[in-house]
Amino acid sequence: VQLVESGGGLVQPGGSLRLSCAASGFTFRRYVMMWYRQAPGKERELVAVITTAGDSTNYPDSVKGRFTISRDNDKNTVYLQMNSLKPEDTAVYYCNVRWGIPVRDYWGQGTQVTVSS
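What comes next is a walk through the structure. Everything numeric in this text was worked out from a predicted model, so none of it was measured.

For the protein chain, the count of helices and strands is 0 helices and 11 strands. Taken from N to C terminus, the helices and strands of the protein chain fall in the order β-β-β-β-β-β-β-β-β-β-β. On C-alpha atoms alone, the protein chain measures out to a radius of gyration of 14 Å, which is about the 13 Å that the 2.2 N^0.38 rule sets for 117 residues. Expressed along its principal axes, the backbone C-alpha trace of the protein chain runs to roughly 45 × 30 × 25 Å.

Let us look at the pairing of strand S11 (residues 111-115). Across the two faces of S11 the burial differs, with Thr111, Val113 and Val115 buried and Gln112 and Thr114 not buried at all. Note: strand S9 (residues 91-99) against S11, 3 bridges, orientation antiparallel. Looking at S11, one finds that Ala91 is bridged to Val113.

In the segment running from Ile101 into Pro102, the intervening peptide bond is cis, with an omega of -5 degrees. Position of Pro102 among the secondary structure elements: in the loop between S9 and strand S10 (104-107). At Asn76, a position not held by glycine, the phi torsion is positive, near 55 degrees. Along the chain, Asn76 turns up in the loop between strand S7 (67-72) and strand S8 (77-82). Residue class for Asn76 comes out partly exposed when judged on its relative accessible area of 27%.

Assignment of secondary structure puts Thr27 in the loop between strand S3 (17-24) and strand S4 (33-38). Sequence separation of Thr27 and Arg104 is 77 residues, and the distance between their C-alpha atoms is 15 Å.

Attention now moves to the nonpolar core. Among the nonpolar cores identified, the biggest contains 29 residues, and Leu3, Trp35, Val78, Leu80, Met82 and Tyr93 are the most heavily contacted of them. At the level of elements, S3, S4, strand S5 (45-50), S7, S8, S9 and S11 are the ones that each hand at least two residues to this core. Every residue in contact with Tyr93, bar those within four places of it in the chain, is listed here: Glu5, Leu19, Trp35, Tyr36, Arg37, Phe67, Leu80, Met82, Gly110, Thr111 and Val113.

Let's shift gears to the state of the cysteines. For the coordinates displayed, the defined rule picks out 1 disulfide. Between the sulfur atoms of Cys21 and its disulfide partner Cys95 the distance amounts to 1.9 Å. Since a negative S-S torsion denotes a left-handed disulfide, the Cys21-Cys95 link at about 45 degrees is right-handed. With a gap of 74 residues between them, Cys21 in strand S3 and Cys95 in strand S9 connect regions that are remote in the sequence.

Parameters at a glance
- Residues numbered from 1 in each chain as written.
- Predicted model: local features only at pLDDT ≥ 70, side-chain atom pairs only at ≥ 80, totals over all residues.
- Heavy atoms only, no water.
- Helix = DSSP H or I, 4+ residues; strand = E, 2+ residues; numbered from the N terminus.
- Rg over C-alpha atoms; globule rule 2.2 N^0.38 Å.
- Buried < 20%, exposed > 50% of the residue type's maximum accessible area, 1.4 Å probe, protein only.
- Pairing = 2+ DSSP bridges.
- Core = buried A, V, L, I, M, F, W, Y, C linked by side-chain atoms within 4.5 Å.
- Contact = heavy atoms within 4.5 Å.
- Disulfide = S-S within 2.5 Å.

This is the structure we're talking about:
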């Protein structure tokens, strides 16, 4: 299993970024995908979940209405569109899949998002 995130960077408050996560090594369309983030000194937190067909998503209140997760099962890629970014969104963002027998978490290398003026 390999997950490769991209799209992070430095953005001003109120700006937007679109993160991508290219997946390989498993049957992507059969698995729920997630985005997490981890800020310095804080625990990793879930920010978005998408079902296998992409017909249902879920977000914590901290990002609801600003972040949108989507997926392209033909491209084995999951996206995170982030709008109206705030300084508190600054973190390393990771995509995640729970796969295997026994099931375990797989993570990408992460992509840094910095929101600052």
